[in-house]
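So you can see what is in the structure, the chains are spelled out below.
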Amino acid sequence: MSRFDSNIDVKALGKVAVLMGGDSAEREVSLMSGSGVLQALRARGVDAHAFDPAQNELAQLKRDGYARCFIALHGRHGEDGTVQGALELLGIPYTGPGVMASAIAMDKVMTKRVWSAEGLPTPRYVWLAPDRQQREVVRTVPDELGLPLIVKPPREGSSIGVTKVCGYSDMQDAVQLSARYDPDVLCEEFIDGEEVTCAVLGQGADARALPVIRICAPDGAYDYQNKYFTDDVKYQCPSGLPESEEREIQRIVLDAYRSLGCRGWSRADLMVRASDRKPFLLEMNTSPGMTGHSLVPMAARAAGISYEDLCLRILANAALDTPQGAPQQ
């Protein structure tokens, strides 16, 4: 085993549920992530079992004697604070950030508000609530953000419902597509440059950033299909970026992680602007993918951590926002 998990008592982890599937638009990817995690944990001797919340009531976790949960759910009801809240009530420790951090990070508008308040760099944006999606309002957005710009649902992941808008005439269709997935619509300044991602493991002062990954997608199309189902995207890890740039990205990501109150693990996506090499935070993924194409395992490998050891370390750090036995007011 790696230096990170040599002291983990696998038997003490108890009976483990790997939550996978669910009812979000990312169900298919979640099943792939969960299957990988389940296999890895079993390979390390963990008493791990698959559990699909779309097919089983969460209360069954308590009845069946599960001691902790590895959350491999993506999207709504998986990384938005809802399943985390249910597990808090059941008193079953779980992987990844808690209720508040999960809920905020799932909403890209709320995330931007926190990061902006903390002075962290994130692209300029316009938030279109349902009552602000009339044609006369939508057509003014490029005046504020310039073209091209990005239109996306603020509470979806995996690039679902995202459009790069290059002309005024494309705005309405882009907003309508996004609104199919989320009543609110986020319009965001387009940052012309390289896409990078950086994962974090741990909590508070002990949190550490993994190596940065540079993403090279065909024609810049890092979309749902390219993320999970093709081999057309090239990932560079080590990133090949100058050491000073890599360190600055890791510093910003750690600040972004801590400012949201994340714990356990998460992964930030950023753009590095070509004109001045300034990094801009796009979002924080609090239940990152763990498929064969996923990026956290790739960064972990570069840091000397195998997929199995990564899963075990994340599981060992499962926690509750309010530990059992804490005094109640």
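Before reading further, recall that the structure is shown in the block above.
Residues numbered from 1 in each chain as written. Predicted model: local features only at pLDDT ≥ 70, side-chain atom pairs only at ≥ 80, totals over all residues. Heavy atoms only, no water.

Here's the deal with the overall build of the chain
Worth spelling out the cut-off: Helix and strand assignments come from DSSP, with helices taken as H or I runs of at least 4 residues and strands as E runs of at least 2, each series counted from the N terminus. Partly exposed describes any residue whose relative accessible area lies between the buried limit of under 20% and the exposed limit of over 50%, with all areas from a 1.4 Å probe on protein chains only and scaled to the type maximum. When checking whether two residues touch, look at their non-hydrogen atoms; a contact exists if any pair is within 4.5 Å.
From N to C terminus, the chain includes 12 helices and 13 strands. Its C-alpha atoms give the chain principal-axis dimensions of roughly 60 × 45 × 40 Å. Considering the chain as a whole, with its 329 residues, one finds that 55% of them fall into the buried category. Pairs at least 24 apart in sequence give 68% of the contacts found in the chain among residues at least 6 apart.

Points about the environment of Gly264
Checked against the element boundaries, Gly264 lands in the loop between helix 10 (243-259) and strand 12 (265-273). Its relative accessible area of 12% is what places Gly264 among the buried residues. Along the primary structure Gly264 and Pro323 are separated by 59 residues, whereas in three dimensions their C-alpha atoms are 15 Å apart. The residues touching Gly264, leaving out its near neighbours within four places in the chain, are Val200, Leu201, Gly202 and Tyr257.

Some points on the layout of surface pockets
Rule in force here: Buried and open spaces are told apart on a 1 Å grid over the protein atoms alone, a cavity being a set of points where a 1.4 Å probe fits but cannot get out and a pocket being an open set with protein on both sides within 12 Å along at least five of seven lines. Residues with an atom within 4 Å of a point are the lining residues. Grid points are joined across faces, edges and corners, and a volume is the space filled by probe spheres set on the points. Residue type decides the class: Asp, Glu, Lys and Arg count as charged, Ala, Val, Leu, Ile, Met, Phe, Trp, Tyr, Cys and Pro as nonpolar, and the leftover types, Gly among them, as polar.
Taken as a whole, the second largest pocket spans an internal volume of roughly 160 Å³. If you go around the second largest pocket, you meet 14 residues; those closest to its centre are Gly22, Asp23, Pro53, Ala54 and His77. Its residues assigned to classes, the lining of the second largest pocket shows 5 nonpolar, 7 polar and 2 charged.

Focus: the sheet that holds strand 6 (residues 163-165)
Put simply, the test is: Note: two strands are recorded as paired if DSSP finds a minimum of 2 bridges between them. Where helices are involved, their axes are fitted lines through C-alpha atoms of the stretch in contact, as for all axes, and angles between N-to-C directions lie from 0 to 180°.
Taken in spatial order, the 4 strands of this open sheet run 4-7-5-6, and their pairing is antiparallel. Edge positions in the open sheet fall to strand 4 (125-128) and strand 6, since each of these has one partner strand only. Neighbour-to-neighbour, the strand axes of the sheet open up by a mean angle of 20°, direction not taken into account. Pairing analysis gives 3 bridges linking strand 5 (residues 149-152) to strand 6, with the strands arranged antiparallel. Bridging across to strand 6, Ile150 finds its partner in Lys164. Strand contacts of helix 8 (residues 171-179): strand 4, strand 5, strand 6 and strand 7 (185-189), with the helix running at about 30° to strand 5, the strand carrying the most contacts.

A closer look at helix 3 (residues 82-90)
To keep it simple, the criterion reads: It is the directions from the helix axis to the C-beta atoms whose arc is reported.
For helix 3, the complete set of buried residues consists of Val83, Gln84, Leu87, Glu88 and Leu90. Within helix 3, the buried residues cover an arc of 165° as seen down the axis, which keeps them to one side. Looking one or two residues past helix 3, Gly91 carries a phi angle of roughly 75°, positive in sign.

What to know about empty space enclosed by the protein
Applying the stated criterion across every chain yields a total of 2 cavities of 30 Å³ or more. The volume enclosed by the second largest cavity comes to roughly 50 Å³. Split by residue class, the lining of the second largest cavity holds 3 nonpolar, 7 polar and 1 charged.

Describing the packing of aromatic side chains
Test applied: Pairing of aromatic rings covers Phe, Tyr and the six-membered ring of Trp, with a centre-to-centre limit of 6.5 Å; geometry is then stacked below 30 degrees between planes, edge-to-face above 60, and tilted otherwise.
Across all of its chains, the model carries 2 aromatic pairs by this definition. Residues Phe51 and Tyr66 carry aromatic rings whose centres are separated by 6.4 Å and whose planes lie at 80° to one another, so their mutual orientation is edge-to-face. On the criterion of sequence distance, the pair formed by Phe51 in strand 2 (residues 47-51) and Tyr66 in the loop between helix 2 (59-63) and strand 3 (68-71) is long-range, its members being 15 residues apart. Take Phe51: its relative accessible area is 3%, and that puts it in the buried class.

Notes on the environment of Ala319
Residue position: Ala319 is located in the segment after helix 12 (307-316). Judged by relative accessible area, which is 22%, Ala319 ranks as partly exposed. When the C-alpha atoms of Ala319 and Leu147 are compared, they prove to be 44 Å apart, with 172 residues separating the residues in sequence. With residues up to four places along the chain from it excluded, the contact list for Ala319 reads Pro93, Tyr94 and Arg263.

Remarks on the nonpolar core
Here is the rule we go by: Throughout, nonpolar core names a set of buried Ala, Val, Leu, Ile, Met, Phe, Trp, Tyr and Cys residues whose side chains join them through atoms within 4.5 Å.
By size, the foremost hydrophobic cluster in this structure holds 35 residues, and its most contacted members are Val18, Leu41, Val46 and Phe70. Each residue touching Leu41, except ones within four places of it in the same chain, is listed here: Val16, Val18, Val46, Ala48, Phe70, Cys311, Leu312 and Leu315. Counting 24 residues, the second-largest nonpolar core is a separate cluster that includes Val212, Leu241, Tyr257 and Leu270.

Focus: helix 10
Residues lying three or four places apart along an α-helix face the same way, a consequence of the helix completing one turn every 3.6 residues. Applied cut-off: Under the convention used throughout, the expected extent of a helix is 1.5 Å for every residue step, that is, one less than its residue count.
With 17 residues, helix 10 extends 24 Å between its outermost C-alpha atoms, agreeing within 8% with the 24 Å of an ideal straight helix rising 1.5 Å per residue. Within helix 10, burial applies to Glu245, Glu246, Ile249, Gln250, Ile252, Val253, Leu254, Ala256 and Tyr257. Elements that come into contact with the buried residues of helix 10 comprise helix 5 (108-117), strand 8 (193-201), strand 9 (208-209), strand 12 and strand 13 (279-285). Residue Gly261 follows helix 10 closely and has a positive phi angle near 80°.

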